[in-house]
Structures are given as C-alpha cells and as structure tokens.
Amino acid sequence: PAVRVVDALPSGADLAIVGGGAIGCATAFFAARAGLRVVVLERRPALATLTTAASAGAFRLQFDNPEEIALVREGLDLYDAFAVRTGLDGWDLGVRHRGYLFCSLTDASLARSRDLVERQLGWGLDDVELLSGDEARSRWPWLSPAVRGARFRAGDGWLDPKALAIGYATAASNPDRIPDAPGGGSAAFLPRTEVTGVLPSHDGSRLRGLRTSRGDLEADAVVLAAGPFLGRVASLAGTELPIAPTRRQK
C-alpha cells in the first residue's frame with residue numbers, strides 16, 4: 001500500500017484537512033476509517049516535513065490530570081499495535097519503551113513529585129517509581145550529585161514521528177485494509193497546495209469549503225492541523241487563535 005497523492009482537487013469532500021503533518025494524517029486515518037471522504041491539503045512538497053520531522057517523538061503518561069493520562073494511554077495502545085490496527089502488516093514505528101526520568105534538584109520540587117505520584121496512583125497509573133537521589137544515581141551513574149530525587153516510568157519512551165505520520169496517511173489511503181472499518185471512506189493527499197481563503201455559505205453562517213492555490217474545494221467540514229501556522233490559517237476564516245511558535249530544545 002502507498003499514500004494516495006493526487007494532482008487535482010476532487011469534486012468535493014466530507015472533510016477537508018489543512019496540514020499534512022502527524023495530526024493531519026492521524027485525523028485523515030480516523031475519518032477515513034469512519035467512512036468519510038477526506039482531502040488533506042499540504043502546502044509543502046511532501047507530508048510530515050516540518051514540525052513532525054523535527055519532533056523528538058517522545059511519549060509519556062506522567063501527567064498531572066487523569067484526562068490527559070487516559071487520552072495519551074489510548075494513543076500508546078494504538079502505537080503498540082499499529083500494524084494490526086491499521087492493516088499495515090510489518091509497519092514499524094520504531095517504538096522504544098526506555099522510560100522517562102524527571103529529576104528533582106530542590107526539596108520543593110521533590111515534594112511536588114511525591115504529591116504527583118500519589119495522585120497518579122489514585123488515577124490508576126501504578127507503575128511510576130519514586131526514587132531517592134542515591135537510588136537514581138545507582139541506575140544512571142551520570143546523574144549529578146545535585147539530584148535530590150527522581151520519578152521514573154519505564155513504559156514511557158519514544159517513536160519515529162515521521163513513520164507514524166506516513167503510516168497514518170498510508171492507512172487512510174487504503175481504508176479497505178483497516179480492520180472493522182465500515183467501508184465507503186477514502187483519503188487523498190495534495191502536496192504543494194496552499195489554502196488561500198474560505199468559502200462561506202450563502203447566508204454567511206458557516207463554511208462550505210476552502211479556496212486553495214489549485215482552486216476551490218467544497219467540504220462539509222474543515223479541520224485545521226497547520227501546526228505553527230494554525231493562527232494564520234484560522235485568520236482566513238475570521239477566527240483569532242493566539243498561537244505562536246516557541247523554541248524548544250531536543
């Protein structure tokens with residue numbers, strides 16, 4: 001199976017997705033699996049070549065609220081069974097469960113870690129370890145003597161985010177291979193296609209599609225998955241999203 005890349009806009013779509021990174025491709029997968037006709041618009045020459053390609057690909061369940069833990073756990077269950085769940089036999093996401101370590105350098109941060117682990121246990125996350133500084137250094141000798149304590153979950157880790165995005169896109173392009181899909185869904189991907197505006201309904205109450213560098217696309221619904229350009233794309237529809245890129249370290 002391969003990603004279905006097309007050169008011309010289809011006549012219409014149930015769902016138009018702006019952005020062909022990991023989020024856009026994942027949205028296309030779930031929509032196609034649900035039986036929708038999907039079109040993904042990506043202004044760059046290829047999918048998953050901007051922030052997805054730069055991502056460290058780390059994943060963890062060590063959050064401070066039960067909702068985020070449940071949401072991410074659902075994703076991790078899918079990653080671990082990705083080839084089966086997508087119908088892509090042998091697809092390798094490069095999943096590595098090597099753990100995620102948070103170190104505390106002060107008594108205050110160590111107390112916060114203790115409190116967090118206690119709450120995580122109450123939310124069902126029962127495999128997080130709370131370690132003293134000496135216990136942590138015995139396992140990772142390169143840790144600084146300044147480390148007062150640490151928390152660690154061995155089930156956390158990382159994967160290849162580009163393999164994830166292209167896997168989603170490949171599965172979305174071949175929805176007949178997806179187990180338990182109702183049928184009727186499809187996804188097409190258009191690189192080198194920039195969104196330049198929106199198509200309002202006649203009464204102006206909703207969108208009926210998008211204007212693009214390749215022409216107009218009628219769509220029942222639109223999902224914006226433009227990453228750092230989300231605010232700029234949303235402004236085309238008169239919506240203000242105060243989103244700005246933030247420099248991170250990898």
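Described below are features of the structure shown in this document. (Residues numbered from 1 in each chain as written. Predicted model: local features only at pLDDT ≥ 70, side-chain atom pairs only at ≥ 80, totals over all residues. Heavy atoms only, no water.)

Our focus in this paragraph is the packing of aromatic side chains. With the rule as written, the count across this model stands at 6 aromatic pairs. Summarising the aromatic geometry, the rings of Phe29 and Tyr168 are spaced 5.5 Å apart at their centres and angled 40° between planes, so their arrangement reads as tilted. Separated by 139 residues along the polypeptide, Phe29 in helix α1 (residues 22-33) and Tyr168 in helix α7 (residues 161-173) bring together distant segments of the chain. Of the two residues examined, Phe29 and Tyr168, each falls in the buried class. Centre to centre, the rings of Tyr100 and Phe102 are 5.2 Å apart; their planes meet at 20°, and the pair counts as stacked. Given a relative accessible area of 25%, Tyr100 falls into the partly exposed group. By relative accessible area, which is 23% here, Phe102 ends up partly exposed. Grouping aromatic residues by their ring pairs yields a cluster made of Phe29, Phe30, Phe82 and Tyr168. (Phe/Tyr/Trp six-rings, centres within 6.5 Å; stacked < 30°, edge-to-face > 60°. Helix = DSSP H or I, 4+ residues; strand = E, 2+ residues; numbered from the N terminus. Buried < 20%, exposed > 50% of the residue type's maximum accessible area, 1.4 Å probe, protein only.)

Membership of the largest hydrophobic core comes to 38 residues, with the highest contact counts inside it found for Tyr168 and Phe189. Residue assignment for this core shows that the elements contributing at least two residues are β1 (13-18), α1, β2 (37-41), α3 (66-80), α7 and β8 (186-190). With residues up to four places along the chain from it excluded, the contact list for Phe189 reads Val3, Arg4, Val5, Val6, Cys25, Ala28, Val40, Leu47, Ala169, Ala172 and Ser173. (Core = buried A, V, L, I, M, F, W, Y, C linked by side-chain atoms within 4.5 Å. Contact = heavy atoms within 4.5 Å.)

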